[in-house]
Amino acid sequence: MDLLKKENWWVWLIITILSNEVAVVVLAALLKVFRKDAWYAKWQNWLIGALCLIFPVFIMFAIFMIQITCESAAKLDVPGKEIYLSPYVWIIGIIIPVLGWVLLGVLSLYLTIYTIVMLYRGAGEKYIK
């Protein structure tokens, strides 16, 4: 069962509902989004975050999940990649209280839902080998 086929979109819906983080990581692995030279691939970064207590590791993990979600959505041709691939949008959203945080939530929800919609439309089939 190849999970990127158009008829398996409902599997992604169920995985996303049960655990969004697992769905993001599995989808990114199937789309080959992970890069070996990226910041998250270096164990030294995670070690430094852990030595500075656990809080930085949680922030690093959140940034990792946002980055992987955005890269997976861009690979599936989710509309608006000029907006959600820009780090400035995410930084400004974090800095601006309440309104920015609400917009970050909306953007994250948009990426999650529209990724499933693009899988439903068959955008993942071109990555099947």
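Worth saying up front: this structure is predicted, and the values here are computed from it rather than measured.

Thresholds, definitions, all that
Residues numbered from 1 in each chain as written. Predicted model: local features only at pLDDT ≥ 70, side-chain atom pairs only at ≥ 80, totals over all residues. Heavy atoms only, no water. 1 Å grid on protein atoms, 1.4 Å probe; cavity = no way out; pocket = protein on both sides within 12 Å on 5 of 7 lines; lining within 4 Å. Points joined across faces, edges and corners; volume = space filled by probe spheres on them. Helix = DSSP H or I, 4+ residues; strand = E, 2+ residues; numbered from the N terminus. Nonpolar A, V, L, I, M, F, W, Y, C, P; charged D, E, K, R; others polar. Salt bridge = Lys/Arg side-chain N within 4 Å of Asp/Glu carboxyl O. Core = buried A, V, L, I, M, F, W, Y, C linked by side-chain atoms within 4.5 Å. Buried < 20%, exposed > 50% of the residue type's maximum accessible area, 1.4 Å probe, protein only. Contact = heavy atoms within 4.5 Å. Axes fitted to C-alpha atoms, helices over the stretch in contact; angles between N-to-C directions. Parallel < 35°, antiparallel > 145°, perpendicular 65-115°, else oblique.

This part covers the layout of surface pockets. Of the voids in this model, the largest pocket is the one considered here, and its volume is about 660 Å³. In terms of lining residues, the largest pocket is bounded by 26 residues, among which A62, I63, I66, Q67 and W90 are the most central. Elements supplying a minimum of two residues to the lining of the largest pocket: α2 (20–30), α4 (55–75), α6 (87–95) and α7 (99–120). Broken down by element, the residue count for the lining of the largest pocket peaks at ten residues, all from α4. Considering only residue class, the lining of the largest pocket consists of 17 nonpolar, seven polar and two charged.

So, about the pattern of salt bridges. Inspection of every chain in the model, using the stated rule, returns three salt bridges. Among the ionic pairs, K81 bridges to D77, the shortest N-O distance being 3.8 Å. The partner of D77 in a salt bridge is K126, and the shortest N-O contact between them spans 3.0 Å. Within this pair, whereas D77 is found in the loop between α4 and α5 (81–84), its partner K126 is found in the segment after α7, the two being separated by 49 residues in sequence. Salt bridges sharing common partners tie together D77, K81 and K126.

Membership of the largest hydrophobic core comes to 26 residues, with the highest contact counts inside it found for L27, I68, L76 and Y84. Put simply, the parts of the chain that give this core at least two residues each are α2, α4 and α7. Dropping the residues within four chain positions of it, L27 is found in contact with L4, W12, S72, L76, T115 and L119.

Time to look at the packing of helix α3 (residues 43–51) against α4. Interaxial distance between α3 and α4 falls to 6 Å at its minimum, and their mutual angle equals 140 degrees. Relative to α4, the element α3 lies oblique. Along its contact with α3, which presents N45, W46, G49 and A50, the element α4 presents P56, V57, M60 and F61. Of the residues assigned to the contact of α3 with α4, the class counts are six nonpolar, two polar and no charged.

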